[in-house]
Amino acid sequence: MFDIQEIRSQFSILDREVNGKPLVYLDNAATSQKPNSVLEVCHAYYTELNANVHRGIHTLSQLATEEMELSRRKIQKFINAEHDFEVIFTKGTTEGLNLISYILTQKLKKDDEIIISYLEHHSNIVPWQLLCERTGAKLRVIPIDENGILQLDYFDKFLSEKTKVVSVNQVSNALGIVNPIEEIIAKTRKNTDAYVVIDGAQSAPHFNIDVQKMDCDFFVFSGHKMYAPMGTGVLYGKREILEALPPFHGGGEMIATCSFDGTTYAGLPFKYEAGTPNVGGNIALGAAVDFMNRVGRENIQNHENALLEYAQRHLLEIEGLKVYGEKAKRVGVVSFNLEGVGISSDVGMILDKMGIAVRTGHHCTQPIMEFFNIAGTVRASFAVYNTFEEIDLLVEGVKKAQRMLS
Ligand SMILES: *Cc1c(COP(=O)(O)O)cnc(C)c1O
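Quick caveat: nothing in here was measured; it's all calculated off a predicted structure.

### So, helix α12 (residues 344–353)
Three or more residues of α12 are buried, namely Ser344, Val347, Gly348, Ile350 and Leu351. Take α12 and look down its axis: the buried residues cluster within an arc of 165°, on one side only. Opposite the buried face of α12, by more than 90 degrees, sit the exposed residues Met349 and Lys353. Buried residues along α12 sit in contact with β14 (333–338), β15 (356–357), β16 (359–361), β17 (377–381) and α14 (388–405). Residue glycine 355 follows α12 closely and has a positive phi angle near 85°.

### Brief notes about the side chain of histidine 363
The topology assignment puts histidine 363 in the loop between β16 and α13 (366–371). At a separation of 3.2 Å, a polar atom in the side chain of histidine 363 contacts the main-chain carbonyl oxygen of glycine 361. Apart from residues no more than four positions distant in its own chain, histidine 363 is found in contact with His121, Asn173, Ala174, Ser335, Met369, Thr377 and Arg379.

### Considerations on the site of the ligand
Lining the immediate environment of the ligand, one finds Gly92, Thr93, Thr94, His121, Ser123, Asn173, Asp199, Ala201, Gln202, Ser222, His224 and Lys225. Threonine 94 has a polar side-chain atom sitting 2.5 Å from an oxygen atom of the ligand. In this structure, serine 222 approaches the ligand through a side-chain N or O atom, which is 2.6 Å from an oxygen atom. Against a free-state accessible area of 380 Å², the protein chains account for coverage of 87% of the ligand. Each residue belonging to the shell around the ligand can be placed in one class, and the counts come to 1 nonpolar, 9 polar and 2 charged.

### Some words on the sheet that holds strand β4 (residues 87–90)
What the 7 strands build is an open sheet, ordered β4-β10-β9-β8-β7-β5-β6; its pairing is mixed. Each end of this open sheet is capped by a strand with a single partner; those strands are β4 and β6 (138–142). Averaged over all pairs of adjacent strands, the angle between strand axes in this sheet comes to 20°, irrespective of strand direction. Two strands pair when backbone bridges link them, and strand β5 (residues 113–117) and strand β7 (residues 163–169) are joined in this way by 3 bridges, in the parallel orientation. Following the sheet pairing, glutamate 113 is matched in β7 by threonine 163. This element, helix α4 (residues 93–103), spans β4, β7, β8 (195–199), β9 (218–222) and β10 (233–237) of the sheet and lies at about 155° to β9.

### Here's the deal with the sheet that holds strand β13 (residues 321–323)
Overall, antiparallel pairing links the 4 strands, which are arranged β13-β14-β17-β16 in an open sheet. In this open sheet, the two strands that pair with only one neighbour each are β13 and β16. On average, each strand axis in the sheet is tilted by 30° relative to the strand beside it, whichever way the strands run. Bridge count for β16 against β17 is 3 bridges, and the pairing is antiparallel.

### Focus on the packing of aromatic side chains
Two measures describe an aromatic ring pair: the distance that separates the ring centres and the angle between the ring planes. Enumeration over the complete set of coordinates arrives at 14 aromatic pairs. An aromatic cluster of at least three residues, connected via ring pairs, comprises Phe11, Tyr227, Phe291 and Tyr385. The ring centre of tyrosine 154 lies 4.9 Å from the NZ or CZ of lysine 157, which sits over that ring. Sitting over the face of the ring of phenylalanine 78, arginine 297 holds its NZ or CZ atom 3.7 Å from the ring centroid.

Criteria and cut-off values
By convention here, each chain's residues receive numbers from 1 onward along its written sequence. Totals for whole chains, interfaces and linings use all residues, but because this is a predicted model, local features are given only for residues with pLDDT of at least 70 and pairs of side-chain atoms are given and counted only at 80 or more. With hydrogens and water excluded, all non-hydrogen atoms of the structure serve as input to the side-chain values. To sort residues, take the accessible area from a 1.4 Å probe on protein chains only and compare it with the maximum for the residue type: under 20% means buried, over 50% means exposed, and anything in between is partly exposed. Helix and strand assignments come from DSSP, with helices taken as H or I runs of at least 4 residues and strands as E runs of at least 2, each series counted from the N terminus. As used here, the arc belongs to the directions running from the helix axis to the C-beta atoms. In this description, contact between two residues means that some pair of their heavy atoms is separated by no more than 4.5 Å. Throughout this description, a polar contact denotes any pair of N or O atoms lying within 3.5 Å of each other; where both atoms belong to protein, one of them has to be capable of donating a hydrogen while the other can accept it, and for residues adjacent in sequence the pair is counted only when both atoms sit in side chains. Nearness here has a simple test: a residue counts as near a molecule or strand if at least one of its heavy atoms is within 4 Å of that partner. Where accessible areas are quoted, they stem from the Shrake-Rupley method and a 1.4 Å probe; at the residue level, only the protein chains shown are allowed to cover. Amino acids outside the nonpolar list (Ala, Val, Leu, Ile, Met, Phe, Trp, Tyr, Cys, Pro) and the charged list (Asp, Glu, Lys, Arg) are all regarded as polar, and Gly is one of them. The rule for pairing is simple: two strands pair if DSSP sees at least two bridges between them. Between N-to-C directions, angles span 0 to 180 degrees; the directions come from axes that are lines fitted to C-alpha atoms, helices contributing only their stretch in contact. Aromatic pairs are defined between Phe, Tyr and Trp rings, using the six-membered ring for Trp, whenever the two ring centres lie within 6.5 Å; interplanar angles under 30 degrees are classed as stacked, those over 60 as edge-to-face, and all others as tilted. A ring is considered to have a charge above it if a Lys NZ or an Arg CZ atom is located within 6 Å of its centre and within 35 degrees of its normal.

Printed below as a string of structure tokens:
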């Protein structure tokens, strides 16, 4: 059974007060809170297990290695990858996307094309711009309509033999819009040999992920947005593709042999994990997967969808409140502005005085803000521990902000 109070009791931070009021944490799209089970795994790692992995013959090194590799297999199951070595530990989505764009450098030449969308986070824009600078390739951007929905007829027109990479997010962080990646991937496969990259930073916390069914070449996400510690993340890549591409960082751990006559690289996943990894964090990411499985990913999804529906309905009762992407299929996020209140941060500041944490501003998606001709939005984003009472407080807070600011 889904017991929200029992779930909340697993997050000590939810007991704290902010500005004399109980914390209402609605900034989950920026980072989620971490359950005690994850924090205990971090603590246990440093109090009982800490050692460098893969290198040591001694007991602690072997135990730490086993735990990290066990976590890798948990993540493999979590995204249904075919092999555990297709799971590469990173420090987050940003690193994953930079890694991919870097190792594809030799695959692109002048006038090749990379397709992304208007709904991307800066970290799924800038690495591709850098790749274009290195290779002379061009960026093509799928536009959105006034509901924030991708206009796929443009995508159809963009696809050609010049297309070498298609990289889109499954869920937009700024608006919570769920993109039709199944259709995007199918069309890409049908018409091109392009690499398909999916930014799953906002989908992994909410959806069941099946990278084999999805048939993407790469799927990246951040641990810290799905109940795991900061500085954790995952890059999934298909075996044949990762094996064929060059390494990213050079250093320890990623070599088979190293000499001044030439170096050979380790097999997967180590070829892409140069240097000492975030061992404790990577193990704790496995504990976050355990947490999500214990709660049940269906339960998480159903609860978050109910919160979103409830929040949108009650926020829209406020006169002059506009929800961006109101008519689009969404998950986990409601992004809005109040008419006549130019600056979203003013609303955020008033909410903070009431203990309510939301994000305001451009959410690392300036092109979206430009499209809607706004400086930013107020974004409330939900996790499994949020309650309907918290949404009521949000709605009351927004009403109060409206009275104070207009
Ligand atoms: C948060 C986010 C990123 C960047 O993730 P980091 O954890 O900051 O590296 C990229 N894309 C989307 C959609 C995001 O929400």
